[in-house]
Protein chains: 2
Amino acid sequence: MNTTWLNEIQWTADGLVPVIAQQAGTGRVVMFAWMNRESLALTVENGYAVYWSRSRNRLWRKGEESGNQQKVINIQLDCDEDVILLEIEQQGGIACHTGRESCFYRTLENNEWVENSAVLKDPAEMYKK
Amino acid sequence: MNTTWLNEIQWTADGLVPVIAQQAGTGRVVMFAWMNRESLALTVENGYAVYWSRSRNRLWRKGEESGNQQKVINIQLDCDEDVILLEIEQQGGIACHTGRESCFYRTLENNEWVENSAVLKDPAEMYKK
């Protein structure tokens, strides 16, 4: 694979880049995560989002446990070349580990964070082995 | 102002939170930037986005030079309480300092970053004093 395009990204000192994932069609922003060089290359190769888990310090093939993979429609880069935007098709319609469509499930209303969307699936169901 | 809601945010060690700005209606993601506590409080108070510029190390009232302010429609928080999503109405239709609607103006096509949108206004026009 030609990987010249990877060199154009301004990686952090830790070798990461922030990634915004947005549902194709609706435009709903469903997730924010990080990728390293390897995970972004794998994302392009496989056509499904692979992130870098900073908490687990390893590759995180989105949906590896829950089955909720993200099929990548396109990959965009910002003006400073240090943020990636993914348009994705969220398999299962659930991006959040809480069982919701989007991780952004709280909206500020009158100085309070108020839930804006429902749990579609019990996380206990999503992550059972 | 009641600021309890600010305490629920998991700020970075530097006291910042990443912010995604998305055009209301179209869902176009136009920008990614950072806020500190003060800038987020000012954003809510004023109804227009105020960021924290890491390069200039100061408050950055979006549009202070270009006039391209961002009217805030709503503010959402993610499951880990460490990322903010703003739905905004972009004044002037230009969020990017390059004169484009969105900072995400390049799409990966056949291993190359290809421009996906046009310059709407010459930056020299936007930033002249």
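Residues numbered from 1 in each chain as written. Chains lettered and ligands numbered in written order. Predicted model: local features only at pLDDT ≥ 70, side-chain atom pairs only at ≥ 80, totals over all residues.

Draft legend 1. Quick peek at the interface of chain B and chain A. Taken together, the contact pairs 32 residues of chain B with 32 residues of chain A. Mapped onto the side of chain B that touches chain A, the elements with two or more residues apiece are helix 1 (4–7), strand 1 (16–23), strand 2 (29–36), strand 5 (70–77), strand 7 (106–109) and strand 8 (112–115) of chain B. Among the elements that line the side of chain B that touches chain A, the one with the most residues is strand 5 of chain B, at 4 residues. A breakdown of the residues in the side of chain B that touches chain A according to their chemical character gives 16 nonpolar, 12 polar and 4 charged. (Contact = placed C-beta atoms within 7 Å. Helix = DSSP H or I, 4+ residues; strand = E, 2+ residues; numbered from the N terminus. Nonpolar A, V, L, I, M, F, W, Y, C, P; charged D, E, K, R; others polar.)

Draft legend 2. Inspection of the nonpolar core at higher detail. Membership of the largest hydrophobic core comes to 60 residues, with the highest contact counts inside it found for A:Ile20, A:Leu86, B:Ile20 and B:Leu86. Setting aside its immediate chain neighbours within four residues, A:Leu86 contacts A:Val19, A:Ile20, A:Ala21, A:Gln22, A:Ala49, A:Val72 and A:Ile75. (Core = buried A, V, L, I, M, F, W, Y, C linked by C-beta atoms within 7 Å. Buried ≥ 20, exposed ≤ 12 C-beta atoms within 10 Å, placed from the backbone.)

Draft legend 3. Representation of the pairing of strand 6 (residues 84–90) of chain B in the model. Residue and element names in this part refer to chain B. With 6 of 7 residues buried, strand 6 lies mostly within the body of the structure. By the bridge criterion, 5 bridges tie strand 1 to strand 6 in an arrangement that is parallel. Opposite Ile20, over in strand 6, you have Leu85 as the bridge partner. Note that strand 5 and strand 6 share 7 bridges and pair antiparallel. Counterpart to Gln76 in the pairing with strand 6 is Leu85. (Pairing = 2+ DSSP bridges.)

Draft legend 4. Focus on the sheet that holds strand 6 (residues 84–90) of chain A. The 6 strands lie next to each other as 2(A)-1(A)-6(A)-5(A)-7(B)-8(B), forming an open sheet whose pairing is mixed. The open sheet has two edge strands with one neighbour each: strand 2 (29–36) of chain A together with strand 8 of chain B. Recorded for the sheet is a direction-independent mean angle of 35 degrees between the axes of neighbouring strands. Judged from the 4 bridges that link them, strand 7 of chain B and strand 8 of chain B form a sheet pairing that is antiparallel. Paired with B:Glu109 across the bridge in strand 8 of chain B is B:Glu112. (Axes fitted to C-alpha atoms, helices over the stretch in contact; angles between N-to-C directions.)

Draft legend 5. Highlighting the relation of the copies chain B and chain A. Least-squares fitting of chain B to chain A yields an RMSD of 0.0 Å, with the superposition described by an axial translation of 0.0 Å and a rotation of 180 degrees. The superposition of one copy onto the other is thereby described by a two-fold rotation axis. Taking the C-alpha atom as reference, chain B places B:Gly27 closest to the rotation axis, 2.4 Å from it. Here 100% of the contact residues of chain B are again contact residues in chain A; the copies associate through an equivalent surface. (Least-squares fit on C-alpha atoms with pLDDT ≥ 70 in both.)

Draft legend 6. Expanded view of the pairing of strand 7 of chain B. Judged from the 2 bridges that link them, strand 5 (residues 70–77) of chain A and strand 7 of chain B form a sheet pairing that is antiparallel. Across the sheet, A:Leu77 pairs through a bridge with B:Arg106, a residue of strand 7 of chain B. Counting the residues in the hairpin turn of strand 7 of chain B and strand 8 of chain B gives 2 residues, including B:Asn110, whose phi is positive at 50 degrees.

Draft legend 7. Structural context of the environment of B:Trp60. All names here are of chain B. The topology assignment puts Trp60 in strand 4 (residues 58–61). Among the residues examined, Trp60 registers 20 C-beta atoms within 10 Å and is labelled buried. On a C-alpha basis, the gap between Trp60 and Ser39 in space is 8.1 Å, while along the polypeptide they are 21 residues apart. Setting aside anything within four residues of it in sequence, one finds Trp60 in contact with Val50, Tyr51, Trp52 and Ser53.

Draft legend 8. The arrangement of the sheet that holds strand 5 of chain B in detail. The strand order across the open sheet built from 6 strands is 8(A)-7(A)-5(B)-6(B)-1(B)-2(B), with neighbouring strands paired in mixed fashion. The open sheet has two edge strands with one neighbour each: strand 8 (112–115) of chain A together with strand 2 of chain B. Neighbouring strand axes in the sheet, compared pairwise and without regard to direction, differ in orientation by 35 degrees on average. Sheet topology note: the strand 1 of chain B/strand 2 of chain B ladder contains 7 bridges and is antiparallel. The residue of strand 2 of chain B that forms the bridge with B:Val19 is B:Ala33. This element, helix 2 (residues 37–46) of chain B, spans strand 2 and strand 5 of chain B of the sheet and lies at about 120 degrees to strand 2 of chain B.

Remember, this is a structural readout, not a statement about activity or role.
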